[in-house]
Amino acid sequence: FKPLPADVKYFSFPMPFKYGFRFSLSGFVSIALLYVISTVKATGDLSATSMLSKQPTAGPVFIKRLSGGILCDGFASFVAGCFNSFPMAIFAQNNGVIQLTGNASRNVGKYIAVLPFILGVFPVVGAVFNIIPYPVLGGALILLLVIITATGMRIFFTDPMTRSSILIIGISVGIVVGAAFQPSFTVNPPHWLGDLLHSPVAAGGLNAIFTNL
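Residues numbered from 1 in each chain as written. Predicted model: local features only at pLDDT ≥ 70, side-chain atom pairs only at ≥ 80, totals over all residues. Heavy atoms only, no water.

Moving on, we get to the environment of L206. Relative to the helices and strands, L206 resides in helix α9 (residues 200-212). A relative accessible area of 9% places L206 in the buried class. Sequence separation of L206 and V36 is 170 residues, and the distance between their C-alpha atoms is 8.5 Å. (Helix = DSSP H or I, 4+ residues; strand = E, 2+ residues; numbered from the N terminus. Buried < 20%, exposed > 50% of the residue type's maximum accessible area, 1.4 Å probe, protein only.)

Turning next to the nonpolar core. Judged by nonpolar contacts, I37, A179, L197, A202, A203 and L206 together constitute the single largest core of 6 residues. Grouped together as the second largest cluster of nonpolar side chains are 5 residues, A42, L46, L66 and I90 included. (Core = buried A, V, L, I, M, F, W, Y, C linked by side-chain atoms within 4.5 Å.)

Moving on: the side chain of S47. Relative to the helices and strands, S47 is located in helix α1 (residues 25-52). Here S47 is in contact with T57 and F62, once residues within four sequence places are set aside. (Contact = heavy atoms within 4.5 Å.)

Remark: the centre distance and the inter-plane angle together describe each pair of aromatic rings, the angle taken between the planes. One pass over the full model with this rule turns up 2 aromatic pairs. Here the aromatic rings of F17 and F21 are separated by 5.6 Å at their centres, their planes lie at 85°, and the arrangement is edge-to-face. Given the relative accessible area of 70%, F21 is considered exposed. Relative to F78, the ring of F75 lies with its centre 6.5 Å away and its plane at 35°, an arrangement referred to as tilted. You can see F75 and its partner F78 sitting in helix α2 (residues 60-82), 3 residues apart, about one turn around the helix. Look at F78 and you get exposed, because its relative accessible area is 54%. (Phe/Tyr/Trp six-rings, centres within 6.5 Å; stacked < 30°, edge-to-face > 60°.)

The next thing to look at is a nonpolar patch on the surface. Residues Y10, F11, F13, F75, F78, V79, F83 and F122 make up a contiguous nonpolar surface patch of roughly 900 Å² in combined accessible area. Among the secondary structure elements, F13 is positioned in the segment before α1. Classification of F13 as exposed rests on a relative accessible area of 56%. (Patch = residues over 30% accessible without salt bridge, like charges linked within 9 Å, V, L, I, M, F, W, Y side chains within 5 Å. Areas by Shrake-Rupley, 256 points an atom, 1.4 Å probe, with all protein chains shown as cover. Salt bridge = Lys/Arg side-chain N within 4 Å of Asp/Glu carboxyl O.)

Relative orientation of the contacting elements helix α7 (residues 163-181) and α9 amounts to 155°, with a least axis distance of 8 Å. When the axis of α7 is compared with that of α9, the two are roughly antiparallel. Of the two possible hands of crossing, α7 and α9 adopt the one that is right-handed. For the pair formed by α7 and α9, the contact residues are I168, I171, S172, I175, V176, A179 and A180 on the first element and P200, A203, G204, N207, A208, T211 and N212 on the second. Looking at the contact of α7 with α9, its residues break down into 9 nonpolar, 5 polar and no charged. (Axes fitted to C-alpha atoms, helices over the stretch in contact; angles between N-to-C directions. Parallel < 35°, antiparallel > 145°, perpendicular 65-115°, else oblique. Left-handed = near helix turned anticlockwise from the far one by under 90°. Nonpolar A, V, L, I, M, F, W, Y, C, P; charged D, E, K, R; others polar.)

Here's what the structure looks like:
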C-alpha cells in the first residue's frame, strides 16, 4: 500500500464554476458528439442491466426505464459540469457486478450513490481508495471486463445476425482497435475532430451510427 499524501484535505466543498465560464464552438461540437456516443453506450448498458435483472427488454416498461436512465445520465453530466467535474456516464462495469454477485436490487444502487458525494466532500476518503495497490484493482477489473464482454455478445445474438449487422459490427470493432493502437491517424483532421476521434469508443460509436444509417 502507498502512504497517504501529506497535503490531503479532510473536508472540501466543491465551488461551482471555480475555473470560470466561457463558450467554445469547437469544444461544444466535440462534447455534443460525445454525448451522442454516450447516449448510444447508455442504451446498450441499460439494455444489459434489464436483461441481467430479468426485467423486460422491450415494450413500454423498458422504454420508460431506458428514457429515464438516459435523462438521468444527461442531468448528472450537467450538474457535474457546474461543479468543475467531467461529464458522468453509465458504466458497463455495473452489469459485471450484477452478473458476479447476482444482486440487481435498486436499494444497492441508492446506497452506492452516496459514495461519490462522500468522495467529493471528504477528499481523504478518496485518498484512502487511491492507495489500494493497482494489481488488486486490475484483478477485479479484468474479471468485470470479461463478464461485460460475454454479456455484450449475448445482446448481439438476441437478434438474428444479418450481413448488414455483421458488417457494422466488424467495421466498428476494427476502427476501435485502430484508434487504440494507431492514435497518430488523428493528426491531420481538424483539431475538434481529432480530439473526438482520439477516443476509440467515440470513433467506433460514430462509425456504428453512420454505417447503420
